[in-house]
Amino acid sequence: MRPFFAHALCLLAILLLAGEASASTMEFDGRERTFEMYVPPTAPRPLPIVLILHGGKGTATLMRRYTDFDALAAKEDILAVYPQGVGGQWNDGRPEIGNISSQSADANDVDFLLALVDNLVSHGLADPKRVYVIGISNGGMMAMRLACEHPGRIAGIAAVSANLPIGLECDPQTPVPALFFHGTNDKFMPFGGGDILQWANIDRGKVLSARETVALWRQIDGCSGEPHKLRISDGSKKGGLVIDQINFDPCSGATVQQFITRGGGHAWPGAKQGPYGDAVLGPAGTDLDANAEIWSFFKAQPTR
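Residues numbered from 1 in each chain as written. Predicted model: local features only at pLDDT ≥ 70, side-chain atom pairs only at ≥ 80, totals over all residues. Heavy atoms only, no water.

Participant: For the pattern of salt bridges, give the residues involved together with the corresponding values.
Facilitator: Oppositely charged side chains may form a pair once their charged atoms are brought near each other. One pass over the full model with this rule turns up eleven salt bridges. One connected set of salt bridges, linked through shared partners, spans Glu36, Arg64 and Asp70. (Salt bridge = Lys/Arg side-chain N within 4 Å of Asp/Glu carboxyl O.)

Participant: Any chance you could break down the packing of helix H3 (residues 69-76) against helix H10 (residues 290-299) for me, citing the residues and the numbers?
Facilitator: At their nearest, the axes of H3 and H10 sit 10 Å apart, and the two run at 40° to each other. Taken as axis vectors, H3 and H10 run oblique relative to one another. Here H3 runs over H10; the crossing is right-handed. Contacts between H3 and H10 pair Phe69, Leu72 and Glu76 from the former with Asn291, Ala292, Trp295 and Lys299 from the latter. A breakdown of the residues in the contact of H3 with H10 according to their chemical character gives four nonpolar, one polar and two charged. (Axes fitted to C-alpha atoms, helices over the stretch in contact; angles between N-to-C directions. Helix = DSSP H or I, 4+ residues; strand = E, 2+ residues; numbered from the N terminus. Parallel < 35°, antiparallel > 145°, perpendicular 65-115°, else oblique. Left-handed = near helix turned anticlockwise from the far one by under 90°. Contact = heavy atoms within 4.5 Å. Nonpolar A, V, L, I, M, F, W, Y, C, P; charged D, E, K, R; others polar.)

Participant: Mind laying out helix H8 (residues 210-220), listing which residues take part and the relevant values?
Facilitator: Every buried residue of H8 is accounted for by Ala210, Thr213, Val214, Leu216, Trp217, Arg218 and Ile220. Contacts from the buried residues of H8 go to helix H7 (138-149), strand E6 (156-160), strand E7 (178-183) and strand E12 (256-262). (Buried < 20%, exposed > 50% of the residue type's maximum accessible area, 1.4 Å probe, protein only.)

Participant: Explain unusual backbone geometry to me, using residue names and the numbers behind them.
Facilitator: The omega torsion across Arg45 and Pro46 is 5°, close enough to zero to call that bond cis. By the element assignment, Pro46 lies in the loop between strand E2 (31-38) and strand E3 (47-53). Cis rather than trans, the peptide bond between Asp249 and Pro250 has omega equal to 0°. By the element assignment, Pro250 lies in the loop between strand E11 (242-247) and E12. Here Asp68, not a glycine, exhibits a phi torsion of approximately 55°, which is positive.

Have a look at this one:
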């Protein structure tokens, strides 16, 4: 067990009784790391745990508010945990991460997230056989890195508006169920691959295309079938967009699934981001509830 602040353990003990809390802290690698979480107050423990990772320059608090994952966690008896990246950034394996934040480049986020899970398992809160990781953008890439490097610890991942970074070695020997949400008009994370949107003359690295990212996970998970496309929304409703669900059965190792929002932006499908959010990020759409789809996908997978 890695070292933790004594007061962090006290906070966790309080959380067991309180049901819901804001920020908690733990010490890892000489840094004080923070996280927020929702604990269903009356659910039997240990609980399935979902790590929900914010995007670049984001915060755990904003991610919690943006996704509203707590509402699903309360209904489905999920331990929802929102870790905070150093400097608002996750070390997702991009060589260029140091151009964004030297602190983030030095952060051992893979081991931090595993240590956080270990801590919650040791307190009887989390079930080590049901550990799931989801994230948007930089957080989605971090979820993939965690699955690439420690597939035996992760029962499933979901990546929203995220492609695999070029330069990240990903050859896990254990299949990991993987779910993807991509918007074709994502101006930050290019659907067709290439340069992540740059600003302030900072190189943020390159990524595979959405198709190449999913193809890699299909290979990892032994999905030999041709893509089966199901149009689940024709975009005719107010605020709606055309949405395709892509399945890749049969898979000999683990399931891979993808949702493509035609005209969708760099957004969490179903999020209530408002006109300003739509203008900056691009539309999230109203015909797909990412939270519900993620949990339905995870529940259908075997435990570790």
